[in-house]
Amino acid sequence: MSTEQTSGQVAVITGASSGIGAATARALAGHGYNLALLGRRLDRIEALAAELGAIAIAADVTDRDSLVTAANRVQVELGGADVLINNAGVMLLAPFSSEQRHELRQMVEVNLLGAMTATEVFLDQLRNGGGDLINISSVAGRTAQAGNSGYAATKWGMNGWSEALRQELQPDIRVSVIEPGAVATELTDHITDPAAKQGAEQLYQQLAITAEDVAEVIAFAVTAPGG
């Protein structure tokens, strides 16, 4: 698709410092999008922003005030968001137990509530632009297994919320859900349970696709003509 069709549109990506977020930023830059890269690791998103001619905004999806500040900057500096990609997420696999209670809460707050908060904050901008909302879910949102109960719960929640929004927001905003399987990113690095970490790493070594593969799918979704 030519960049003429998308040139000047503004895409906001959460969790843009690495993995799918960074790969998607590069893919959309190639389609002529103006980008706002949101993340907690400011040094990383600043480096990526310098590479792509984007703006970097330090923001934590669990902190609504930081997202409001980010939305204000996007409005002032870029004219508002046409696309929001809810990519920020953590995968902290472990058997369900009291020992995991803090990690369970973290996954819900980042993966599900974080996406909801980012969407709520940017919703008016997306409506004004007739925009796209892209929610990054997972195959874990359709099939759960021992050791991923909390993560699966957040992704099943993401899918249900997204389906309701798809019906509620059309035709003003197009809602898409991307559900990759194992993707070679930093997700497994943060698993603290030794057995779960080892199992996930072995699985990912065998089956993982690249972040660039997922970014291509996201780019296809947002550049496709409106239905």
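Each remark here, short or long, concerns the structure printed above.
These notes cover the structure that comes with them. (Residues numbered from 1 in each chain as written. Predicted model: local features only at pLDDT ≥ 70, side-chain atom pairs only at ≥ 80, totals over all residues. Heavy atoms only, no water.)

**Let's talk about the nonpolar core**
And then number 1: Ranked by size, the top nonpolar core spans 42 residues in total, and within it Val12, Leu38, Val74 and Phe122 carry the most contacts.
And then number 2: Mapped onto this core, the elements with two or more residues apiece are strand 1 (10–13), strand 2 (34–39), strand 3 (55–58), helix 3 (64–78), helix 4 (101–129), helix 5 (149–169) and helix 6 (194–207).
And then number 3: Among the elements that make up this core, the one with the highest residue count is helix 4 (9 residues).
And then number 4: Contact partners of Leu38, with chain neighbours within four places excluded, come to Val12, Ile13, Thr14, Gly15, Ala16, Ile45, Ile57, Ala59, Leu67, Ala70 and Phe122.
And then number 5: Counting 29 residues, the second-largest nonpolar core is a separate cluster that includes Tyr33, Leu35, Ile45 and Ala221. (Core = buried A, V, L, I, M, F, W, Y, C linked by side-chain atoms within 4.5 Å. Buried < 20%, exposed > 50% of the residue type's maximum accessible area, 1.4 Å probe, protein only. Helix = DSSP H or I, 4+ residues; strand = E, 2+ residues; numbered from the N terminus. Contact = heavy atoms within 4.5 Å.)

**Some remarks on the sheet that holds strand 6 (residues 174–178)**
And then number 1: On the basis of which strands lie adjacent, the open sheet formed by 6 strands has the order 3-2-1-4-5-6 and parallel pairing. The sheet is open, and its two borders are formed by strand 3 and strand 6, each paired with just one other strand. Going across the sheet, the axis of each strand differs from the next one's by a mean of 15°, ignoring polarity.
And then number 2: Relative to strand 3, strand 2 runs parallel, the two being bridged by 4 bridges. Counterpart to Leu38 in the pairing with strand 3 is Ile57. (Pairing = 2+ DSSP bridges. Axes fitted to C-alpha atoms, helices over the stretch in contact; angles between N-to-C directions.)

**A short note on helix 4**
And then number 1: In this model, helix 4 (29 residues) spans 40 Å end to end at C-alpha, consistent with the 42 Å of a helix rising 1.5 Å per residue.
And then number 2: A positive phi of about 55° marks Gly130, the residue just after helix 4. (Expected span 1.5 Å × (residues − 1).)

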